[in-house]
Amino acid sequence: MIKRRRSQLPVILAAMLAVVATLMTATTLAQLPDKTRTPNVAGEGINKSFPEQVGAGRGTINTAGSSLFIINRDPFRAIRRGRQVFQRKFVRSQGQGPLFQDGLGNINEDLALGAGLADSCAACHGRPRGSAGSGGDVVTRPDSRDAPHLFGLGLKEMLADEITTDLRAIRTDAINDARATCRDQIRELNSKGINFGKIIVDADSFCRLRLITSEVDGVNTDLRVRPFFLQGGTISMREFLVGAFQAEMGLQPIDPDLARAQSGQRVVTPSGMVLDGRIDQIEVAFEQDATTDGDGDGVVNEIPLSIVDFMEFYLLNYFKAGTYRRTPSVDTGRSIFMQIGCAQCHIPDLQINRDRRVADVETVFDIERGIFNDLFATATPLFVETRDSSTLPTLKRAALQPFLVKNIFTDFKRHDLGPNFWERNFNGTFQKEFLTTPLWGVGTTAPYGHDGRSVNLREVIKRHGGEALTARNNFVNLTDANEDHVLNFLNSLIIFPPDDTASNLDPGDPTAPNFPQIGKGSIRLGALFNNPNDPE
């Protein structure tokens, strides 16, 4: 008999505080070396070798050491392992490099030639320290692209996917009604309070139907919301990370999931994302065979399937952005922000119907419990435990409940903000429409704009035009005091260094020897492993 029980995280949190005391000497850094390759007196770096991280491959939920086993039975270890891969400094003997096509080719057609060559995901997404943050810049366009932070990436994927499902259901209903009545049908494309224009089904006198998409707004006519890349180019985190390994690091991932979806099949990834090649164009995997050396560097199976699984699960569950000190000025600034029209596109809160994460972490200003940056994070369980075996650890899977995503400030639509934001392409064309950038984290991610041209928040707001011209002018015409209130509000939307943020998983100890290098607190997922004494 399968037995279900509610998450034991509150009990675990109480018990793990004793474990934390024994782990206080362990700290973590950005762009981590492999301790098995570079041992050091401080004992810093990734504890497991890359083959150990690969483990038993994908396997099944009953294959110990496999990605499916760890994701389903030890999910916080899976998240941490993905994080360590994200921070890992890859080396040439592991297949890192060369630059895509060794930097030779037609950049008009293949933008990856301008992507550069990094040895770690954190080389582009590494600020603040130890986070999946911002900080990188690539020349995939003549005026460059800044690398955005990845906080809340899984929430973005889920919201975009649910909006897509809603829009396509509306289209299907319109077609079915037109077929049943032989009459024209017009439907507003609304999802989560956001309007994406209209879909029209024209029915002639012979009941022949014609789908008209000319009034669809802010999304492709296939109604697929693509939340990744600033122009809205990619559907899923899995495609995003597989592409980044190849284009930015010269590492070829093995991913039969993407290969099957790209060939027209329906695939559900280990993180629960549905990739359906029958209705969507899926980006192709670079290697489908572990024996192929696609870049000719003498290394095969550079990023095995299990590593792709861990990375996807890590990004699905990655912490959302936090909020800093709420002052009267910050509250006033938020109200003015709403009043002057900014929230027409930067919508504050959006509801997820079916949250695939196993936990949520809320990070806020807390003068009493915060240590570094006066921030404190609280982890809350979102999983259900199931006992399916007397010999294996329990299954710990997402409860799949609704979740309100607060302070995201986006509408997932493309907008034309006028010539100040237009982007030149190498082939001489211009990209004129961009996704509404979520504002969470905006207070700590300067410079601004897709190209990093705007040095502060005031300047990037003034840069707005086109569809945002009215809101921009309303901001410019504010009194100095009210303008400062708005900027104070925006500066309260922050990202943070997880390894330096005290939490209910590791509240820190200011009396510890060598504080604050030791005892500063952290969001210590290791305390939630099935075996906390086996570090990643």
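Above this note sits the structure.
Along each chain, residues carry numbers from 1 onward, in the same order as the chain's sequence is written. Side-chain atom pairs in this predicted model are given and counted only at pLDDT of 80 or more, local residue features only at pLDDT of at least 70, and totals for whole chains, interfaces and linings cover all residues. Excluding hydrogens and water, the side-chain figures rest on all heavy atoms present in the structure.

**Student:** Would you take a moment to explain the overall build of the chain for this structure?
**Tutor:** We count a stretch as a helix when DSSP gives it H or I for four or more residues in a row; a strand needs E for two or more, and each element gets its number in order from the N terminus. Per the secondary structure count, the chain includes 12 helices and 23 strands. Buried positions account for 53% of the 536 residues belonging to the chain. When contacts within the chain are restricted to residue pairs at least 6 apart in sequence, those whose partners lie at least 24 apart make up 66%. To measure how exposed things are, a 1.4 Å probe is used in the Shrake-Rupley method; for residues, cover is taken only from the protein chains shown. When the accessible surface of the chain is split by element, carbon and sulfur atoms take 52% of a total near 23,000 Å². Counted as positive: Lys and Arg. Counted as negative: Asp and Glu, with His and the chain ends omitted from the count. By convention, charge coordinates are those of NZ in Lys, CZ in Arg, CG in Asp, or CD in Glu. Taking the average location of the 59 positive side-chain charges in the chain and that of its 65 negative ones, the two points are 5 Å from each other. To sort residues, take the accessible area from a 1.4 Å probe on protein chains only and compare it with the maximum for the residue type: under 20% means buried, over 50% means exposed, and anything in between is partly exposed. What makes two residues a contact is simply this: any of their non-hydrogen atoms within 4.5 Å.

**Student:** Any chance you could explain the environment of Ser271 here in plain terms?
**Tutor:** Examined against the element boundaries, Ser271 turns out to sit in the loop between strand E9 (266–268) and strand E10 (274–276). Classification of Ser271 as buried rests on a relative accessible area of 4%. When the C-alpha atoms of Ser271 and Arg357 are compared, they prove to be 8.5 Å apart, with 86 residues separating the residues in sequence. For Ser271, the contacting residues outside a window of four places in its chain are Glu312, Phe313, Leu316 and Arg356. In protein, a polar contact means a hydrogen-donor-capable atom and an acceptor-capable atom, both N or O and within 3.5 Å, with residues adjacent in sequence counting only if both atoms are side-chain atoms; elsewhere, any N or O pair within 3.5 Å suffices. Among the polar contacts listed, one links the side chain of Ser271 to the backbone nitrogen of Phe313, at a separation of 3.4 Å.

**Student:** Hey, could you run me through the side chain of Thr394 in this one?
**Tutor:** Looking at the element boundaries, Thr394 is found in the loop between strand E15 (383–387) and strand E16 (395–398). At 2.7 Å, the side chain of Thr394 forms a polar contact with the side chain of Glu385. Side chain to side chain, Thr394 and Lys396 meet in a polar contact 3.1 Å long.

**Student:** What's the story with the state of the cysteines in this structure? I'm lost.
**Tutor:** Structurally, a disulfide amounts to a covalent bond that connects the sulfur atoms of two cysteines. Note on disulfides: each one is a pair of cysteine sulfur atoms within 2.5 Å. One pass over the full model with this rule turns up 1 disulfide. With a sulfur-sulfur separation of 2.0 Å, Cys182 is cross-linked through a disulfide to Cys207. Across the S-S bond linking Cys182 and Cys207, the dihedral sits near -100 degrees, which makes this disulfide left-handed. Of the two residues, Cys182 sits in the loop between helix H5 (153–181) and strand E6 (185–191) while Cys207 sits in the loop between strand E7 (194–203) and strand E8 (209–212), which places them 25 residues apart along the sequence. Relative accessible area serves as the criterion here: at 36%, Cys182 is assigned to the partly exposed category. On the accessibility criterion, Cys207 (23% relative accessible area) is partly exposed. There is no disulfide at Cys121, and the cysteine sulfur nearest it, in Cys124, is 8.9 Å away. Taking relative accessible area as the criterion, Cys124 reaches 16% and is therefore assigned buried.

**Student:** Hey, could you run me through helix H8 (residues 305–316) in this one?
**Tutor:** Side chains three or four residues apart in an α-helix point the same way, a direct result of the helix having 3.6 residues per turn. One fewer than the residue count of a helix, multiplied by 1.5 Å, yields its expected span. The end-to-end C-alpha distance of H8, which contains 12 residues, comes to 17 Å, matching closely the 16 Å that a straight helix rising 1.5 Å per residue would cover. Taking burial as the measure, the 12 residues of H8 include 12 buried ones, the bulk of the element. The set of residues buried in H8 consists of Leu305, Ser306, Ile307, Val308, Asp309, Phe310, Met311, Glu312, Phe313, Tyr314, Leu315 and Leu316. On its buried face, H8 sits against helix H2 (50–54), helix H3 (67–73), helix H4 (75–87), H5, helix H6 (237–249) and helix H7 (256–262).

**Student:** Which parts of the structure should I look at to understand the packing of H4 against H8?
**Tutor:** Describing two packed helices takes the angle between their axes plus the distance from one axis to the other. Throughout, an axis means a line fitted to C-alpha atoms (over the contacting stretch in the case of helices), and angles, computed between N-to-C directions, take values from 0 to 180 degrees. It is at 7 Å that the axes of H4 and H8 come closest, and there the two elements cross at 105 degrees. The pairing of H4 with H8 is recorded here as roughly perpendicular in orientation. Here Pro75, Ala78, Ile79, Arg81, Gly82, Arg83, Val85 and Phe86 of H4 come into contact with H8, specifically with Ile307, Phe310, Met311, Phe313, Tyr314 and Leu315. Side-chain classes are defined by residue name, with Ala, Val, Leu, Ile, Met, Phe, Trp, Tyr, Cys and Pro counting as nonpolar, Asp, Glu, Lys and Arg as charged, and the others, Gly among them, as polar. The class makeup of the residues in the contact of H4 with H8 is 11 nonpolar, 1 polar and 2 charged. Between 65 and 115 degrees an angle is taken as roughly perpendicular, under 35 as roughly parallel, over 145 as roughly antiparallel, and anywhere else as oblique.

**Student:** Help me out: how do you make sense of the sheet that holds E7 in this one?
**Tutor:** The strands that make up a sheet pair up through hydrogen bonds in the backbone, lying either parallel or antiparallel. Here, strands pair whenever DSSP counts at least two bridges between them. Across the sheet, which stays open at both edges, the 3 strands sit in the order E6-E7-E8 with antiparallel pairing between neighbours. What marks the edges here is a single partner per strand, and that holds for E6 and E8. On average, each strand axis in the sheet is inclined to that of its neighbour by 20 degrees, with strand direction left out of account. As paired strands, E7 and E8 are joined by 4 bridges and run antiparallel to one another. Note on E8: the bridge partner recorded for Asp202 is Arg210. Packing against the sheet, H5 makes contact with E6, E7 and E8, and its axis sits at approximately 165 degrees to E6.

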